[in-house]
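Examination of the molecular architecture
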Amino acid sequence: MAEKTYDGIKARSSVSGLPEAEVNGLWEKVRENHARLTKCQGVHKFEAIEKTGGGLGVRFRCTKCGGDVNRDSLYWYAIGVAAALCQPAPMLAAEALLMLSRIPDNG
Ligand SMILES: [Zn+2]
């Protein structure tokens, strides 16, 4: 029996109304960003790069690898770094972000 496969590009195109080629291009950018982030050596060094409205659309780019993330991803990344460094839990986002700024850049 032939197994059906899920066509994510087609589904996203249908939901968004964007042409499949445009969805595919956006998805390729996501893959490239992920590849940059996963190849980064050591701890990312994020800086705010843009606001797209109300402060919630701020994105952060790593000055080492060029990968970028949204605020939520940065928050959870910072919490993970705090845990890896055995900092007391629970750690507030501001404390985690402050700690990130204190980590020496070895790369
Ligand atoms: Zn990085």
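Thresholds, definitions, all that
- Residues numbered from 1 in each chain as written.
- Predicted model: local features only at pLDDT ≥ 70, side-chain atom pairs only at ≥ 80, totals over all residues.
- Helix = DSSP H or I, 4+ residues; strand = E, 2+ residues; numbered from the N terminus.
- Buried ≥ 20, exposed ≤ 12 C-beta atoms within 10 Å, placed from the backbone.
- Core = buried A, V, L, I, M, F, W, Y, C linked by C-beta atoms within 7 Å.
- Contact = placed C-beta atoms within 7 Å.
- Pairing = 2+ DSSP bridges.
- Expected span 1.5 Å × (residues − 1).
- Axes fitted to C-alpha atoms, helices over the stretch in contact; angles between N-to-C directions.
- Parallel < 35°, antiparallel > 145°, perpendicular 65-115°, else oblique.
- Left-handed = near helix turned anticlockwise from the far one by under 90°.
- Nonpolar A, V, L, I, M, F, W, Y, C, P; charged D, E, K, R; others polar.
- pLDDT = per-residue confidence, 0-100.

Once that is clear, we can look at the overall build of the chain. Within the chain, the secondary structure is distributed over four helices and three strands. The helix and strand sequence of the chain, counted from the amino end, reads α-α-β-β-β-α-α. When each of the 107 residues of the chain is scored for burial, the buried share is 8%.

Our focus in this paragraph is the nonpolar core. Counting residues in hydrophobic clusters, the biggest one holds six residues: Phe46, Phe60, Leu74, Tyr77, Ala78 and Ala82. When residues no more than four places from it in sequence are discounted, the contact partners of tyrosine 77 are His44 and Val69.

Further remarks concern helix 1 (residues 8-16). The buried fraction of helix 1 amounts to zero of the nine residues, a small share that puts the element mostly on the outside. After helix 1 finishes, the residue glycine 17 shows a positive phi value of roughly 85°.

Moving on, we get to the pairing of strand 2 (residues 59-62). Note that strand 2 and strand 3 (residues 68-70) share three bridges and pair antiparallel. Within strand 3, the residue paired with arginine 61 across the bridge is aspartate 68. The antiparallel hairpin formed by strand 2 and strand 3 contains five residues in its connecting segment, where glycine 66 sits at a positive phi of about 85°.

Another point: the environment of leucine 18. Here leucine 18 shows up in the loop between helix 1 and helix 2 (20-39). Once you skip the residues sitting within four places of it in the chain, leucine 18 turns out to touch Ser13 and Val23.

A rise of 1.5 Å per residue sets the reference length of helix 2, with its 20 residues, at 28 Å; its end C-alpha atoms lie 28 Å apart and thus fit the reference within 8%. A small share of helix 2 lies buried, amounting to one of its 20 residues.

The contact between helix 1 and helix 2 brings their axes to 9 Å, and the two run at 115°. As far as their axial angle goes, helix 2 and helix 1 are roughly perpendicular. Crossing angle aside, the handedness with which helix 1 passes helix 2 is right-handed. Counted together, Ile9, Lys10, Arg12, Ser13 and Ser16 of helix 1 and Glu20, Val23, Asn24 and Trp27 of helix 2 form the full contact between these two elements. Its residues placed into classes, the contact of helix 1 with helix 2 shows three nonpolar, three polar and three charged.

Mapped onto the elements of the fold, asparagine 24 is located in helix 2. Among the residues examined, asparagine 24 registers 15 C-beta atoms within 10 Å and is labelled partly exposed. Here the alpha-carbon distance between asparagine 24 and arginine 12, two residues twelve residues apart in the chain, equals 9.3 Å.

Another aspect to go through is the confidence of the model for the chain. Overall, the predicted model of the chain reaches an average pLDDT of 80, with 71% of residues at or above 70. Predicted confidence in the chain is weakest over helix 4 (residues 93-102), with a mean pLDDT of 60, and strongest over helix 2, with 94.

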